[in-house]
Amino acid sequence: MRGSFFSVRARIVVLITLVTALGLAAAGISVYIAERHRIFDEVDHRLSANLDSASHIVAQGLPPDGAAWPSSEEALKAVIQRMSPDDNTGAMGIAEGRIIMLPGIDLDVDLGGEHAFARHVQDAVSDGRARIGTYAEQDAQWRYIAAPITIEGSPAPATVTFVMVYDLAAELAEFDLASGMFLISSIVIVLVVAATSTVLATRLLRPLRQMRETAERVSAQSLKERLPIVGNDDVAGLSATMNQMLDRLNHALRSQRQLLSDVGHELKTPITIVRGHLEVMDPDDAEDVRLTRELTLDELDRMGRLVQDLADAAALLGPSPVVRAAVDLDVLMPQILRKAQGIDGADVSLAAGSASGIAHLDAPRITQAVLQLVQNAVTHGAGAIEVGARTAGPRLQLWVRDHGPGVDDAVKQEVFDRFFRGPGAESRSGSGLGLHIVQVIAGAHGGLATVQDADGGGALFAIDLPTAMDAAMDASGNPPDGAARAAETDRNERVEA
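What counts, and at which threshold
Residues numbered from 1 in each chain as written. Predicted model: local features only at pLDDT ≥ 70, side-chain atom pairs only at ≥ 80, totals over all residues. Heavy atoms only, no water. Pairing = 2+ DSSP bridges. Helix = DSSP H or I, 4+ residues; strand = E, 2+ residues; numbered from the N terminus. Axes fitted to C-alpha atoms, helices over the stretch in contact; angles between N-to-C directions. Buried < 20%, exposed > 50% of the residue type's maximum accessible area, 1.4 Å probe, protein only. Arc of directions from axis to C-beta. Contact = heavy atoms within 4.5 Å. Core = buried A, V, L, I, M, F, W, Y, C linked by side-chain atoms within 4.5 Å. pLDDT = per-residue confidence, 0-100. Salt bridge = Lys/Arg side-chain N within 4 Å of Asp/Glu carboxyl O.

Even after reading the chapter, I still don't get the sheet that holds strand β7 (residues 348-350), so can you show me in this structure?
Sheet strands pair by backbone hydrogen bonding; their relative direction is either parallel or antiparallel. Reading across from one edge, β7-β9-β10-β12-β11 is the order of the five strands in this open sheet, with mixed pairing throughout. Two strands in the sheet have a free side with no partner beyond their single neighbour: β7 and β11 (448-453). Neighbour-to-neighbour, the strand axes of this sheet turn through a mean angle of 25 degrees, independent of strand direction.

This is the structure:
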């Protein structure tokens, strides 16, 4: 919907912003989970280190000579005094589920009134083995170590327990601050990305908007609009392609108008002749009726040939005008000669030394073109007619030579135009499309039809073609760059004229 939230620009901005937000969220969640695991592992490592330290202190005995501890409480007192306090930690000593000893310094976690926790720990070490566990009751989220201490011969209580805790909520709170900063930074980044992508999408899509506006202004009456080409990126390439398409459409429109004008002009004459003779014909005069009938049929035949020639020319301008195949010139040229000899008034021979070999072309279309050149030589030339073929590198030239008056230099570039008829053609039959069809066939092969003066007089018409299929057409079925494309452009310019 044009101008709505779901425009192309809006979809691009939303997509980029969403991808950025999802990327930041995925990174943040991954880091958060990994950091939580790291914190938990670090807490367990510290607790394990304190357990090892407590075991070493008890095993070492009284300093400095390592005498046996007089009681379990003395050993517990030494462990608590020598422990390394850390942030978010607390410690105590318990016996029989009661708190009997606390550190002499203030720690972040005060366990002085945690009797329920003391009973929980006493139950956890009832088997006499040290344990690392988690306590989560009410607002407490603690990770703790409980290490029973038993000194043989100690007065009651014979077994005491050293307890050290880490406040997990406090440990995670330090990381939560960084997480909050990351969240705020991510929101700012997403907003900046959204604003930046909006500006960039607007600038990048401006040429597309111009294309849309240009397409809206283009009509069958006006194809002069063109897109500005800025830069060398894909959008600039698309603008150039659009301009080329508009050029082709403009050319096609002018060619269509010219065709309609030419057809109207060519059909107007026979229609006028038929109508005029019918209007003045005396229906009571049998001879006048006979003569009028003959003239009318002749003009209708001429109109029929014109319509057929137009249909042939239109077919050659379709999407698949020719179908190439490997053709042996030693077979093709004699076939063309035999067909040319059947043309009324044609004295045709095959030139000596004509080229041989394999060429990739549409044999029926090339035969049609050469026969049309022979018919043209019969109609406008004189004397014997020769047909032949010669090669020059990757090019093949099929030619027809007559011994007539030749073609004036002034009209050599026009003889292949649609409906062109030279001086004195009024007295000859023909639609003026024959040589134009020859040029279209040559162009469809990626070649060019030409005319020049022949040595010794007469005209030499030639069809210059590429011999190889890959040279004739590219992968998309279009004429290649170079001479063949130039030939096609030249043909189009003459048709447009």
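That was the structure; now back to the text.
I tried to follow helix α3 (residues 115-124) on my own but got confused; where do I start?
Because the α-helix completes a turn every 3.6 residues, residues three or four places apart line up on one side. Turning to α3, its buried residues are Phe117, Ala118, Val121 and Ala124. Angularly, the buried residues of α3 cover 120 degrees about the axis, an arc narrow enough to put them on a single face. Close packing links the buried residues of α3 with β1 (89-95), β2 (98-101), β3 (131-137), β4 (140-150) and β5 (159-167).

Hey, could you run me through the pairing of β1 in this one?
Within a regular beta strand, the side chains point alternately toward one face of the sheet and then the other, so they alternate between its two faces. Across the seven residues of β1, seven count as buried, placing the element largely inside the fold. Of the two faces of β1, the one carrying Thr89, Ala91, Gly93 and Ala95 and the one carrying Gly90, Met92 and Ile94 are both buried. Inspection of the sheet shows β1 paired to β5 by six bridges, in the antiparallel sense. Considered in β5, the bridge of Gly90 is made with Val165. In this structure, β1 lies alongside β2, joined through three bridges in antiparallel fashion.

Mind showing me how you'd approach the sheet that holds β3 here?
Spatially, five strands are ordered β2-β1-β5-β4-β3 in an open sheet, and the strand pairing comes out antiparallel. Both edges of this open sheet fall to β2 and β3, since each of them pairs with a single strand only. Averaged over all neighbouring strand pairs, the angle between strand axes comes to 40 degrees, with direction disregarded. The strands touched by helix α4 (residues 168-217) within the sheet are β4 and β5, with β5 carrying the most contacts at an inclination of about 25 degrees.

What should I look at first to understand the nonpolar core in this one?
Considering soluble globular proteins, one finds that nonpolar side chains tend to be buried as a cluster. The biggest cluster of nonpolar side chains holds 40 residues, and the ones touching the most others in it are Val374 and Phe461. Broken down by secondary-structure element, the contributors of at least two residues to this core are α7 (329-340), β8 (358-361), α8 (363-380), β9 (385-392), β10 (395-401), α9 (434-444), β11 and β12 (459-466). Among all residues touching Phe461, those that are not within four sequence positions of it are Leu373, Asn376, Leu398, Trp399, Val400, Val407, Val415, Phe416, Leu435, Thr450 and Val451. Formed by 28 residues, the second largest nonpolar core is a distinct cluster that contains Val43, Ala78, Ile80 and Ala95.

So what exactly am I meant to see when it comes to the confidence of the model for the chain here?
Interpretation of the predicted coordinates at a detailed level should be avoided for regions scoring low in pLDDT. Of all residues in the chain, 87% have pLDDT values of 70 or greater, and the mean over the chain is 82. The low-confidence segment residues 469-497, where pLDDT is below 50, has 44 contacts with residues more than four positions distant or belonging to other chains.

Explain the pattern of salt bridges here, please?
Pairing between side chains of opposite charge can happen when the charged atoms of each approach one another. Going through the model one piece at a time under the given rule, you end up with eleven salt bridges. Between Asp127 and Arg131 there is a salt bridge, and its shortest N-O distance comes to 3.5 Å. Given a relative accessible area of 44%, Asp127 falls into the partly exposed group. Judged by relative accessible area, Arg131 falls into the partly exposed class, the value being 36%. Shared partners join several salt bridges into a network, and the residues in it are Glu42, Arg46 and Asp86.

Any chance you could explain α9 here in plain terms?
Of all eleven residues in α9, eleven are buried, a share of seventy percent or more. When we look at burial in α9, the residues that qualify are Gly434, Leu435, His436, Ile437, Val438, Gln439, Val440, Ile441, Ala442, Gly443 and Ala444. Once α9 ends, the next one or two residues include Gly446, with phi positive near 80 degrees.

Is there a simple way to think about the environment of Leu253 in this case?
One can find Leu253 in helix α5 (residues 234-280). Accessibility expressed as a relative area gives 14% for Leu253, which makes it buried.

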